[in-house]
Amino acid sequence: MGVHGLTTYVEGNRNFFQDVKFRDSRLIIDGCSLFFRLYFNHYLDQQHGGDYDAFAVLLCQFLNALAACNIQPYVVLDGGIDPSDKKFPTIRHRLQSTIKEADRLSHGSNGSVLPILTREVFVQVLVQRGIPLVQCPFEADREIACLAHQWNCPVLSNDSDFYIFDLPGGYLPLHFFQWTNLNGQASHRHISARRYTTAGLCRWFGGMNKMLLPLCAVLSGNDYGAPKGVETLLQLIDGNARRGGGKGTSRVESVLMWSSSFPNPKEALDEVSRLMRNDVNHRGLKSELSAGMQEYFIAPRSHLALWFSESRAVPSEWLSELPACLSQAGAQGLLSPMALNAVVMNRVILPPQVENSKLDSSHSCAKVLRQAIYGILLRQTPAHLGDDAAVGAAPGVTVCVEEYDRMDLNLKKNQAEPRLPRSAVSLDTLHQASVAVRLGVFLEVLGVKESDLSAVPLHLRLAVAVTGFWLREARPTPSQSQLQALVLGMVYGELSRRSRPGAAHHPHAKRSVLQRFNRLRVRPGERRALNVGVAHALSQWQACLWSALCLNQLLLLPLPEPRLSWLFSGTLVHGLFGYLNAGQAAESLL
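Numbers given for residues are sequential positions, taken from 1 along each chain in its written order. Side-chain atom pairs in this predicted model are given and counted only at pLDDT of 80 or more, local residue features only at pLDDT of at least 70, and totals for whole chains, interfaces and linings cover all residues. Calculated side-chain values reflect all of the structure's heavy atoms, with hydrogen atoms and water omitted.

- Per an unreviewed UniProt entry, the recorded name for the chain is Asteroid domain-containing protein, and the organism is Tetraodon nigroviridis.
- Of the chain, the UniProt comment under Sequence similarities (unreviewed entry) reads exactly: "Belongs to the asteroid family." UniProt positions are given in the numbering used here, feature names are shortened, and annotations may be inferred rather than shown by experiment.

Below, the structure written as structure tokens:
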């Protein structure tokens with residue numbers, strides 16, 4: 001979630017923190033906060049589609065730093081959108097902002113757009129490294145807080161909600177977690193950090209009752225929005241703060257000062273009723289505030305503790321229609337939030353990319369893949385049958401999925417009709433279907449024959465199948481130089497994979513080729529304008545891959561997932577295109 005203005009206020013007051021030398025401990029990590037902060041704070045590429053190789057290296061360095069300090073990480077990821085829909089207006093507002101930022105990046109201005117496959121790279125690296133990981137059905141904040149409370153260990157995040165949850169082990173904001181600069185002797189390495197506890201904040205406000213902090217969060221405003229009448233109440237609270245000598249205070253501080261004058265939440269809520277008795281919006285305000293406070297309730301036992309000890313997935317009535325094999329895959333981070341959103345909300349968010357905003361969204365070319373995903377999940381009609389044969393729906397009725405995507409520079413809602421492939425597979429018997437059957441469904445949707453992939457290494461077959469699909473569906477049709485640059489980028493990744501420590505065969509020759517490739521990368525600060533046509537083509541390829549990965553996961557991985565950090569690096573592929581477009585031969589690099 002996030003409480004408006006709370007991070008700025010708390011992190012601006014040194015008295016709320018304790019300096020710690022962090023080591024020898026469990027650490028609950030807010031996974032989404034971590035991959036966002038790692039990517040954005042280390043100046044990795046956003047304009048050219050992302051450098052997933054550099055991101056994977058950075059993440060490994062972070063994990064190595066934790067290991068050096070004997071810190072055991074447990075990573076928790078958000079899943080789908082909260083089915084209560086309370087947060088959806090905030091999500092739409094952020095999407096609209098990201099569309100504008102992507103457009104600014106396409107014109108060489110500043111912006112912040114997370115490359116579309118960053119989350120998938122993050123999960124792949126964690127799985128490869130054996131890091132304990134769980135993906136919650138929906139938003140993970142409260143589950144993280146419950147686990148940290150039960151285990152009495154800190155949380156690492158940059159979400160301001162953790163300034164509200166009462167965590168005995170404390171909260172370590174990522175902003176103050178100095179993992180790039182380890183201190184201490186080799187056997188006693190530690191990470192310098194600042195630990196926050198609600199006790200420290202409450203002491204600052206005269207021994208304020210910690211149970212009042214959730215009320216402060218709801219009054220200050222979080223991503224779930226504020227009940228009707230709160231703005232009027234806040235004006236009254238601000239006025240009281242100024243009369244009490246609190247000139248120049250922020251809204252967050254005004255709310256904290258006001259709340260600290262009450263011994264418990266009940267008396268504070270009674271005062272709300274008194275203050276608002278003459279306001280038309282006062283009815284129901286007290287109960288809405290009470291309901292909002294429940295978002296910060298910490299259960300005595302955590303579902304996540306059972307996952308990390310016994311691999312038992314977090315239960316969810318919303319996902320009860322999914323077979324156990326998919327629920328388990330979701331908990332392992334091996335089922336995209338796109339699938340969770342489609343089955344629970346019949347709604348999907350298509351993440352913006354840096355592309356040509358005058359053309360159709362890059363996601364348009366992958367619509368067929370997403371329709372197959374929706375058809376399987378929602379048990380819709382095979383493509384060769386009429387609507388009257390629909391499964392799980394009344395005759396003639398099709399349940400469409402709302403897709404939120406870019407149109408020009410605006411966020412637009414589109415209706416996508418689910419379609420099962422001709423070689424239909426049942427969601428209920430998915431786990432019983434053979435690999436050959438599931439692979440047949442996957443390749444049929446992509447329009448690729450298995451024989452076409454026979455000469456391709458197994459770990460690259462999905463990427464090659466997606467590339468064939470992209471060549472048919474992308475608009476404008478990709479040029480030969482764009483295709484060659486993309487394939488050479490895959491060659492670079494394959495050479496890098498074979499040249500890692502422990503690999504054999506001609507290391508000197510491979511290093512020479514890799515160096516030749518690297519010299520062509522687009523470098524930060526270069527006076528080289530973005531080729532928007534190439535950016536758009538590659539964004540379409542990434543959109544196809546993003547949807548194909550979800551389909552492959554839904555079909556329980558009939559093809560192994562390609563290692564994305566070895567598959568695509570935007571600055572390299574853009575540089576390779578410039579080289580080839582200038583008339584150089586692809587073979588000259590090899």
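1. Let's talk about the domain arrangement of the chain
Thinking step 1. Considered domain by domain, the chain is made up of domain 1 (1-318) and domain 2 (338-379 + 399-589).
Thinking step 2. Note that the domain bounds were set by an automatic or database domain assignment. Using only C-alpha atoms to locate each centre, domain 1 and domain 2 end up separated by 32 Å.
Thinking step 3. Should any heavy atoms of two residues lie within 4.5 Å, those residues are counted as being in contact. Contacts between domain 1 and domain 2 engage 39 residues on the former and 39 residues on the latter.
Thinking step 4. Buried area is a sum: the accessible area each of two parts loses on coming together, probed at 1.4 Å, counted once for each and added. Roughly 3,400 Å² is buried in total at the junction of domain 1 and domain 2, and carbon and sulfur atoms are behind 65% of that figure.
Thinking step 5. Salt bridges are counted wherever a side-chain nitrogen of Lys or Arg sits within 4 Å of a carboxyl oxygen of Asp or Glu. For the pair domain 1 and domain 2, the interface holds 3 salt bridges.
Thinking step 6. Residue Asp-85 is joined to Arg-347 by a salt bridge in which the shortest nitrogen-to-oxygen separation is 2.7 Å.
Thinking step 7. Any N or O atom pair separated by 3.5 Å or less is treated as a polar contact, with the protein-specific requirement of one donor-capable and one acceptor-capable atom, and with residues adjacent in sequence counted only for side-chain atom pairs. If you look at where domain 1 meets domain 2, you find 17 residue pairs in polar contact (both at pLDDT 80 or more).
Thinking step 8. Only helix H3 (52-68), helix H4 (88-106) and helix H5 (118-129) provide two or more residues apiece to the side of domain 1 that touches domain 2. Per the convention used, a helix needs a DSSP run of H or I reaching at least four residues, while a strand needs a run of E reaching at least two, with both numbered from the N terminus.

2. Thoughts on the packing of helix H18 (residues 461-473) against helix H21 (residues 532-554)
Thinking step 1. Here H18 crosses H21 at 125 degrees, and the two axes come no closer than 9 Å. By the angle class used here, H18 and H21 are oblique. Relative to H21, the crossing made by H18 is right-handed. Within the contact between the two elements, H18 uses Leu-462, Val-466, Thr-467, Phe-469 and Trp-470 and H21 uses Ala-537, Gln-540, Trp-541, Cys-544, Leu-545, Ala-548, Leu-549 and Asn-552.
Thinking step 2. Per-class residue counts for the contact of H18 with H21 are 10 nonpolar, 3 polar and no charged. Working convention: axes come from line fits to C-alpha atoms, limited for helices to the stretch in contact. Angles between N-to-C directions cover 0 to 180 degrees. Here roughly perpendicular refers to angles of 65 to 115 degrees, roughly parallel to angles under 35, roughly antiparallel to angles over 145, and oblique to all remaining angles. By the definition used in this description, the sense in which the near helix is turned from the far one sets the handedness, with an anticlockwise turn below a right angle giving left-handed and a clockwise turn giving right-handed. Charged means Asp, Glu, Lys or Arg here, nonpolar means Ala, Val, Leu, Ile, Met, Phe, Trp, Tyr, Cys or Pro, and polar covers whatever is left, Gly included.

3. Observations concerning the sheet that holds strand S8 (residues 347-349)
Thinking step 1. Paired strands, in this sense, are two strands between which DSSP finds at least two bridges. Judged by pairing direction, the sheet is mixed, and its 3 strands sit side by side in the order S8-S9-S10 without closing on themselves. Of all strands in the sheet, those with a lone pairing partner are S8 and strand S10 (410-416), marking the two edges. Averaged over all pairs of adjacent strands, the angle between strand axes in this sheet comes to 30 degrees, irrespective of strand direction.
Thinking step 2. Across 3 bridges, the pairing between S8 and strand S9 (residues 401-407) is parallel. Considered in S9, the bridge of Ile-349 is made with Tyr-404.
Thinking step 3. On the sheet, H4 packs against S8, S9 and S10 and is oriented at approximately 115 degrees with respect to S10.

4. A word on the pattern of salt bridges
Thinking step 1. Overall, the coordinates contain 20 salt bridges when judged by the stated rule.
Thinking step 2. One salt bridge connects Glu-139 with Lys-87, and the closest N-O pair in it is separated by 2.5 Å. Taken together, the residues Glu-139 in the loop between strand S4 (133-135) and helix H6 (141-151) and Lys-87 in the loop between strand S3 (71-77) and H4 connect sequence positions 52 residues apart. Like Glu-139, the residue Lys-87 is buried in the burial classification.
Thinking step 3. Residues Arg-347 and Glu-402 are paired through a salt bridge, measuring 3.5 Å at the closest nitrogen-oxygen approach. Note that Arg-347 is positioned in strand S8 and Glu-402 in strand S9, a separation of 55 residues in sequence. Whether a residue is buried, partly exposed or exposed follows from its accessible area with a 1.4 Å probe, protein chains only, as a fraction of its type maximum: under 20%, in between, or over 50%, in that order.

5. Brief notes about the nonpolar core
Thinking step 1. Membership of the largest hydrophobic core comes to 122 residues, with the highest contact counts inside it found for Phe-177 and Leu-377.
Thinking step 2. The element that contributes the greatest number of residues to this core is H21, accounting for 12 residues.
Thinking step 3. When we break this core down by domain, the ones giving at least three residues each are domain 1 (1-318) and domain 2 (338-379 + 399-589).
Thinking step 4. Excluding residues that lie within four positions of it along the chain, Phe-177 makes contacts with Phe-22, Leu-27, Phe-62, Leu-66, Leu-156, Leu-172, Ile-191, Ser-192 and Ala-193. The criterion is simple. A nonpolar core is a set of buried Ala, Val, Leu, Ile, Met, Phe, Trp, Tyr and Cys residues joined through side-chain atoms within 4.5 Å.

6. Digging into the UniProt feature "domain: Asteroid" (unreviewed entry) in the chain
Thinking step 1. According to UniProt, the positions carrying the feature "domain: Asteroid" (unreviewed entry) are residues 135-206.
Thinking step 2. Each end of residues 135-206 is marked by a C-alpha atom, and these two atoms are 39 Å apart; helix forms 25% of the span and strand 18%.

7. Quick notes on H4
Thinking step 1. Expected helix span is given by 1.5 Å per residue-to-residue step, counting one fewer step than there are residues. Taking 1.5 Å of rise per residue, 19 residues should cover 27 Å, and H4 covers 27 Å from first to last C-alpha, within 8% of that figure.
Thinking step 2. Restricting attention to buried positions, one finds in H4 the residues Phe-88, Thr-90, Ile-91, Leu-95, Ile-99, Ala-102, Asp-103, Leu-105 and Ser-106.
Thinking step 3. Buried residues belonging to H4 abut S8, S9, S10 and H21.
Thinking step 4. Gly-108, located one to two residues past H4, shows a positive phi value of around 85 degrees.

8. Some thoughts on the packing of aromatic side chains
Thinking step 1. Centres within 6.5 Å make a pair out of two Phe, Tyr or Trp rings, where for Trp the six-membered ring is used; the pair is then stacked when the planes are under 30 degrees apart, edge-to-face when over 60, and tilted otherwise. By the definition in use, this model includes 26 aromatic pairs.
Thinking step 2. Where Phe-62 meets Phe-177, the ring centres are 6.4 Å apart and the plane angle is 50 degrees; that geometry is what we call tilted. Of this pair, Phe-62 sits in helix H3 while Phe-177 sits in the loop between strand S6 (171-173) and strand S7 (191-196); the two residues are 115 residues apart in sequence, bridging distant segments of the chain. In this pair, the class of Phe-62 matches that of Phe-177, namely buried.
Thinking step 3. Every member of this aromatic cluster is reached through a ring pair, and the members are Phe-17, Phe-162, Tyr-163, Phe-165, Tyr-171, Phe-176, Tyr-196 and Tyr-296.
Thinking step 4. The criterion for a charge sitting over a ring is simple: Lys NZ or Arg CZ within 6 Å of the ring centre, and within 35 degrees of the ring normal. Positioned above the aromatic ring of Phe-88 is the side chain of Arg-347, whose terminal nitrogen or guanidinium carbon lies 3.8 Å from the ring centre.
Thinking step 5. Its end group placed over the ring of Trp-566, Arg-563 keeps NZ or CZ at 4.0 Å from the ring centre.

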